[in-house]
Each structure stands twice: as C-alpha cells, then as structure tokens.
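Notes for the structure review
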Amino acid sequence: MLNIPGSWQRTARGAGLLSPDGSLRPTIFAEMTALATQTGAINLGQGFPDEDGPPEVLAAATAAIASGVNQYSPGRGHPDLLQAIAEHQERFYGIALDPAAEVLVTAGATEALAATLLALLDGPEDEVVVFEPYYDSYAAAVALAGATLVPVPLRWPSLAPDLDELRAAVSDRTRVILVNDPHNPTGAVFSEAVKREIVDLAHRVDATIVTDEVYEHLVIDAPFVPIATLPGARERTVSISSGGKTFRTTGWKIGWATGPAELISAVAAVKQFLTYVNGAPFQPAIAAGLRLPDDFFAGIADTQRFRRDLLALGLREAGFDVAPSAGSYFTVADARPLLEDGQDAAAFCRALPARVGVAAIPISAFVSPGHHDEFSTLVRFAACKRTDVIDEASRRLAASAH
C-alpha cells in the first residue's frame, strides 16, 4: 500500500490502476508486454510498429542533430514544424491556420491531450463526455484535472454510439466532448451523422470538442474527415495529432494541437509547465515527413489495409468473431467462442502468451468499472506489425484452436 497523499491517487484510480487495498497496478500495456517478453510471445498487444519510418524522415533527424539542432526549441515549437503542420491541415482538409497562433507542438499527442484537459477543466462539476472503450490516458487526465468522466458506449458489433445515449450524456455540466477518431481501441471511424450530432450538442451546451486524430492517415476504406471541417465545429474544436503513428516514430514523441488562437493559448499556458519543449532535432524531421508526397500517405493506408485483412482472416480461422476495423492499428475480436467456463477476456489474454505465444489486450482495460461486463469477452489485436509477424501469430492462434 502507498500511504502517500496527493492527486496521483485520483489519477491512478481514474485509469483503473489503484487496487482496493491501495496498491498500484501496472498498466495493461506494461503487463502484457512483460508477459510477451517472458514467454517469447509475439506482441500484438501494444500498438507500436516493428519497422522504422521513411528514410527521408530519419535522415532529416540525423541532419538536424549534426547541424546543431540540439538545444531548446521555441516554446510553441520549431517554426518549420509549425508551418508544416499548418500546410498539412490545409493540404489534406482545407483548414487554414496561422502557424504562429493556432498551432502548438507537444510531447506526443498524450501531452497535448493532458494539457488541453487540464487547461479546460476546473473541478468535479465539469464533465467530459467520452466514447467507451477509451484510451486509458483520457480517464487518467480527466481524473487529474478533478473532473468527471461520462462514458458513452460503443457496443459490439457495430462499435458505433447510440445517438440517444449520446444526447442523454451531454448536459449543461459538459465542458468537453472528447472524440477519438479513428478510434483506439476499436478501429471504428465515426460517421458524418455522429460527428454532426457532436457538433450540434457542443453548441447546445457551449462545450469544447477535443478530438484525438493520431490515426488520421490510417483510415482504410475512405478519406478521413476531421470533425473541425464540419459547419460550426472549427471555432470550438482543439484537434490533436502526432507524427508517431504516421511516420512509425512512436519513440520521438512529437505531437501537436491545432485550433482557434484563444483555445491554443489556453493549452500552451499549461503545456509550458509540463515539458516546456521536447525533441528539438525530431521536430524538423517530422516537418519533412508532413511534406512527403501524396503517394506516401496513400501507401501507408494501403499497407494497413492489407495487414488488417490478413490479421482478420487469421483471427476468424482461429475461431474469433471479428469486427471490421475502419482505421487505426487495431482490430477487435470477440473471444466468446474460445473462452472456458467462467473465463473472461482479461484472463484469456493473461494466459495467451504462455499457451499460444501471442499477446493481446482485453478491451475491459479501456472501460469504466461499472461497464466491464458489457465488454468482458472482447480482445484488441494490433495489426501494425510486419506481414511475416502477423502470419506467424495467425498460425499460432489457429493451431491452438484445433
């Protein structure tokens, strides 16, 4: 038991890491990665690629280091990256930004999210509507801000929100509607009808929309439409993304937030006291990545489509029911046909590395405590690995089912 007072307790509790006895559990990612390492299992749990990014991007980082870009960058970010982010938003989405006032570089999307929520929330009366299951840092950051999380479920097998449930969740206490699109952990991409309803509800209660779009270039079957492009959305939306997933540089932790100058200034006021700045030589490298030609961005979506389909085929052959993934690194499967009596997905995933040689993540790790039963048989697999790795994982899963 940790008898240390402080906000860490509500943060850990919000993320589901604080046991009833006060002890601190590791995150599900740390736990499953450790099991994969101990057993030599293929890790389809944590969403990181097993290949390096584009040579042009890597070379730009090396060149920046060699040319002395190794000290603090400006507080808002390296000017070339600020400009590249603005160019990217206009090139792909028609969103014109002032790079000096409407763009902020952060230590990955995780810091952008934390700084935004800490900036916009002010205590337990403030509510954040979020789609469940949700990336675990959302609950942790909302709890750290002392606010209240209000989940709206994405139910199997459609993995789309019920609009009546969404309307019921939004109230005069709603300060933020937090949207992860494309969605982690489900791989869902929200329809235009859902996005329009979010915008209408935000206007109705004067809420800010915060959207996490780190998988924006990994939408598989249709062009991505950011919520900020919808009528009435831009003036109340903070859009967050990063270079980690797009350029396979997750360890560089270069993210950003864009939006109206007033909102971005509020986020910057908090962000400057978190990391201040980070990753100086990686910032011009990500700027180079954002300026790569269109065929690069089309190519990574095509690659992800192939890997998604390969993994889905392997999972079905192993006996899982599989939901179609429309974007992101992830595919969700229902393990119900494979569970032993009394077993849930969490127990199934903890046994899987030693039994089969594959690691995955139970979806229940991404939901609020009261809703675990609704997601208790679902498992998230990451399809961001090399083709030969996905092939071998599929072979091991199928062999265990026969």
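The following refers to the structure shown. Every value quoted in this text rests on a predicted model; they were computed, and no experiment measured them.

Oppositely charged side chains can form a pair if their charged atoms are brought close together. Scanning all chains against the criterion turns up 26 salt bridges. In this structure, the salt-bridge partner of Glu374 is Arg155, at a minimum N-O distance of 3.3 Å. You can see Glu374 sitting in the loop between β13 (361-362) and β14 (378-382) and its partner Arg155 sitting in strand β4 (residues 148-155), a full 219 residues away along the chain. Judged by relative accessible area, Arg155 falls into the partly exposed class, the value being 37%. Of the charged contacts, one joins Asp221 and Arg305 as a salt bridge, the two residues approaching to 3.6 Å between their closest N and O atoms.

With that out of the way, let us pick up the pairing of strand β3 (residues 127-132). Among the six residues of β3, six are classified as buried, and the element is accordingly described as predominantly covered. Residues Glu127, Val129 and Phe131 line one face of β3 and the alternating positions Val128, Val130 and Glu132 line the opposite face, and both faces are buried. Here β3 pairs with β4 via six bridges, running parallel. The residue of β4 that forms the bridge with Glu132 is Pro153. Handedness of the crossover joining β3 and β4 through helix α6 (residues 136-144): right-handed. Judged from the four bridges that link them, β3 and strand β6 (residues 174-180) form a sheet pairing that is parallel.

A few words now on the side chain of Ser325. With respect to the helices, strands and loops of the structure, Ser325 is situated in the loop between β10 (321-322) and β11 (330-334). On the accessibility criterion, Ser325 (4% relative accessible area) is buried. For Ser325, the side chain forms a polar contact with the main-chain oxygen of Gly327, separated by 3.1 Å. Not counting residues up to four positions away in its chain, the partners in contact with Ser325 are Gly187, Ile220, Arg308, Phe330 and Thr331.

This brings us to unusual backbone geometry. Cis geometry is found at the peptide bond from Trp156 to Pro157, where omega equals 0°. Structurally, Pro157 is set in the loop between β4 and β5 (160-161). Not every positive phi belongs to a glycine, and Asp206 is a case in point at roughly 60°. Mapped onto the secondary structure, Asp206 falls in the loop between α8 (192-205) and β7 (208-212). Phi at Lys253 is positive, roughly 55°, even though this residue is not glycine.

The axes of two packed helices give the description: the angle between them and the distance between them. One way to put it is that helix α4 (residues 79-93) packs onto helix α10 (residues 282-290) with a least axis distance of 8 Å and a crossing angle of 20°. On the basis of the axis angle, α4 is roughly parallel to α10. Regarding α4 and α10, the two cross each other, and that crossing is left-handed. Between α4 and α10, the residues in contact are Asp80, Leu81, Ala84, Ile85, His88 and Arg91 and Gln283, Ile286, Ala287 and Leu290, respectively. For the contact of α4 with α10, the class distribution of residues is six nonpolar, two polar and two charged.

What counts as what
Residues numbered from 1 in each chain as written. Predicted model: local features only at pLDDT ≥ 70, side-chain atom pairs only at ≥ 80, totals over all residues. Heavy atoms only, no water. Salt bridge = Lys/Arg side-chain N within 4 Å of Asp/Glu carboxyl O. Helix = DSSP H or I, 4+ residues; strand = E, 2+ residues; numbered from the N terminus. Buried < 20%, exposed > 50% of the residue type's maximum accessible area, 1.4 Å probe, protein only. Pairing = 2+ DSSP bridges. Right-handed = clockwise from strand over helix to strand, strands pointing away. Polar contact = N/O pair within 3.5 Å; in protein donor to acceptor, adjacent residues only side chain to side chain. Contact = heavy atoms within 4.5 Å. Axes fitted to C-alpha atoms, helices over the stretch in contact; angles between N-to-C directions. Parallel < 35°, antiparallel > 145°, perpendicular 65-115°, else oblique. Left-handed = near helix turned anticlockwise from the far one by under 90°. Nonpolar A, V, L, I, M, F, W, Y, C, P; charged D, E, K, R; others polar.

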